[in-house]
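Close look at the chain arrangement
Chain by chain, the residues run as shown.
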Amino acid sequence: MIIILLFLVPIVSMWQTICHKHIPCQKIDVGIVEGDFNLAIANTSQSHVFITATLDSRNLAILPHFVKYYVSFGVPVKNFLLIVQSRNQTNTLSRALDTVKRLGANAVSWIGPFSALTNLYHKMRLLEPLSDRHWLIYTDIDEFIEFPVPITSFIQMVQNDGARAVRGFFVDRVARSGLLTEIRDSPSIELQYPCRCNVTGNLMSLISTKVVLVRGDLRADNGHHHLLDKSWFKLNHIDVPKGIGFSAKFYAKTLTISHFKWTSEILAILQERINYY
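1. Thoughts on the pairing of strand β4 (residues 49–55)
By the criterion of burial, β4 is predominantly enclosed, with 7 of the 7 residues buried. Where β4 meets strand β7 (residues 135–138), 4 bridges bridge the pair, whose relative direction is parallel. Across the sheet, the residue bridging to Phe50 is Leu136, located in β7. Across 5 bridges, the pairing between β4 and strand β5 (residues 80–86) is parallel. Each bridged residue has a counterpart across the sheet, and for Thr54 the counterpart in β5 is Ile83. Since β4 and β5 lie parallel, the crossover through helix α2 (residues 63–72) that links them has a hand, and here it is right-handed.

So this is what it looks like as structure tokens:
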């Protein structure tokens, strides 16, 4: 008699009730996060400007463009704090993590279903070491904020204005053909998607403004549309981290965010969101 033993790797889930203003409390599978950014934040000796974003394996084509773009404004690649999300522990997750690390950025893995509320929940814990001596760029992987000058000079402009936060406004970028084309290695992503329009606001009627830069003692909400307020901590029974603030003057000028959402990857991403919600 031949006995075949199958060893299955269990998928561990962690369920958490998460609440947010204007959204009913939900019991959500928040999955598992492996790793943290504590050392990366503690080891900064010169630049105290960080950038954070969440991505998955479908974003690997845009990732080198994303890193190159923000490095060109003076954000050190070692100050990229990237969360790589996947529903399961798969080869695609490993490939995505390897790609991030090969580019020189910091990465943690998040294994579990994606939702905006869960993304906020994990970011709040991972970004806890940031303080008022830091600055944080809030962006999605397809959002390229058009800073008028290098980032350290721009932060000085913000501080001179007495502000601690900056808003941005979406300008959607699409291919000249109007088709949802694949992102290529070259030319630059700006040349691949040269046409500017407002699909987000005019066609989809979604909010087109976002919080794009904050001093390190502030946090943005789940969609980065507003600053997070104290009620989120109370609703979720989480102690307020020491030094966190909840209000700030915004910089007088709103920046442009080039939004490279309308590519071939968007169909699979939207279908997954439909299936989840």
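2. Some points on the state of the cysteines
On inspection of all chains with the given rule, the structure shows 1 disulfide. Here Cys19 is linked by a disulfide to Cys25, with a sulfur-sulfur distance of 2.0 Å. Across the S-S bond linking Cys19 and Cys25, the dihedral sits near 110°, which makes this disulfide right-handed. Since its relative accessible area comes to 6%, Cys19 is described here as buried. With no disulfide partner, Cys197 has as its closest neighbouring cysteine sulfur the one in Cys195, 7.6 Å distant. Given a relative accessible area of 29%, Cys197 falls into the partly exposed group.

3. Section: unusual backbone geometry
Of note, the bond from Ser186 into Pro187 is cis; its omega dihedral lies within 30 degrees of zero at 0°. One non-glycine residue, His224, lies in the positive phi region at around 60°. Position of His224 relative to the elements: it lies in the loop between β11 (209–215) and α8 (230–235). One non-glycine residue, His237, adopts positive backbone phi at about 55°. As for its position among the elements, His237 is in the loop between α8 and β12 (255–259).

4. A short note on the nonpolar core
Inside soluble globular proteins, nonpolar side chains tend to come together where they are buried. Formed by 46 residues in total, the largest nonpolar core has its most connected members in Phe66 and Tyr70. For this core, the element with the highest residue contribution is α2, accounting for 5 residues. Apart from residues no more than four positions distant in its own chain, Tyr70 is found in contact with Ile51, Val75, Phe80, Thr139, Glu143, Phe144, Ile145 and Phe147. One finds Leu81, Trp110, Ala165 and Leu227 within the second-largest nonpolar core, a separate group that totals 21 residues.

5. Some details on a nonpolar patch on the surface
A cluster of nonpolar residues, Leu203, Met204 and Leu206, forms a patch on the protein surface that exposes about 300 Å² of accessible area. Overall, the relative accessible area of 43% leaves Leu206 in the partly exposed class.

6. A look at the environment of Phe154
Mapped onto the elements of the fold, Phe154 is located in helix α5 (residues 151–160). When residues no more than four places from it in sequence are discounted, the contact partners of Phe154 are Phe147, Pro148, Val149, Val166, Leu213, Tyr251 and Leu255.

7. So, the pattern of salt bridges
Enumeration according to the criterion identifies 8 salt bridges in this entry. Among the ionic pairs, Glu146 bridges to Arg173, the shortest N-O distance being 4.0 Å. Highlighted residues: Glu146 in strand β8 (residues 143–146) and Arg173 in strand β9 (residues 165–174), separated in sequence by 27 residues. When salt bridges that share partners are traced, they join Asp140, Glu143 and Lys210 into one network.

8. As for helix α3 (residues 91–102)
Helix length check: α3 (12 residues) gives 16 Å between terminal C-alpha atoms against 16 Å at 1.5 Å per residue, within 8%. Contacts from the buried residues of α3 go to β4, α2, β5 and β6 (106–111).

9. Observations concerning the pairing of β12
Burial analysis of β12 places 4 of its 5 residues in the buried class, the great majority of the element. Pairing geometry for β8 and β12, over 4 bridges, is antiparallel. Bridged to Ile145 within β12 is Ile257.

10. Overview of the confidence of the model for the protein chain
In the predicted model, the protein chain carries a mean pLDDT of 89, and 94% of its residues have values of at least 70. This stretch, residues 1–12, has a pLDDT under 50; its non-local contacts, to residues over four places away or in other chains, come to 2 contacts.

11. Quick word on the side chain of Asn198
Mapped onto the fold, Asn198 is located in the loop between β10 (195–197) and α7 (199–203). A polar contact is formed between the side chain of Asn198 and the backbone nitrogen of Gly201, at a distance of 2.9 Å. Leaving out residues up to four positions away in the same chain, Asn198 has contacts with Phe169, Phe170, Asp172, Leu203 and Ser208.

12. Brief notes about the environment of Asp221
Tracing the chain through its elements places Asp221 in the loop between β11 and α8. What makes Asp221 buried here is its relative accessible area of 9%. Asp221 has contacts with His20, Leu120, His226, Leu227 and Leu228, leaving out every residue within four places of it along the chain. From its side chain, Asp221 meets the backbone nitrogen of His224 in a polar contact 3.0 Å long. Looking at Asp221, its side chain comes within polar contact range of the main-chain nitrogen of His225, at 3.0 Å.

Calculation rules
- Residues numbered from 1 in each chain as written.
- Predicted model: local features only at pLDDT ≥ 70, side-chain atom pairs only at ≥ 80, totals over all residues.
- Heavy atoms only, no water.
- Buried < 20%, exposed > 50% of the residue type's maximum accessible area, 1.4 Å probe, protein only.
- Helix = DSSP H or I, 4+ residues; strand = E, 2+ residues; numbered from the N terminus.
- Pairing = 2+ DSSP bridges.
- Right-handed = clockwise from strand over helix to strand, strands pointing away.
- Disulfide = S-S within 2.5 Å.
- Core = buried A, V, L, I, M, F, W, Y, C linked by side-chain atoms within 4.5 Å.
- Contact = heavy atoms within 4.5 Å.
- Patch = residues over 30% accessible without salt bridge, like charges linked within 9 Å, V, L, I, M, F, W, Y side chains within 5 Å.
- Areas by Shrake-Rupley, 256 points an atom, 1.4 Å probe, with all protein chains shown as cover.
- Salt bridge = Lys/Arg side-chain N within 4 Å of Asp/Glu carboxyl O.
- Expected span 1.5 Å × (residues − 1).
- pLDDT = per-residue confidence, 0-100.
- Polar contact = N/O pair within 3.5 Å; in protein donor to acceptor, adjacent residues only side chain to side chain.

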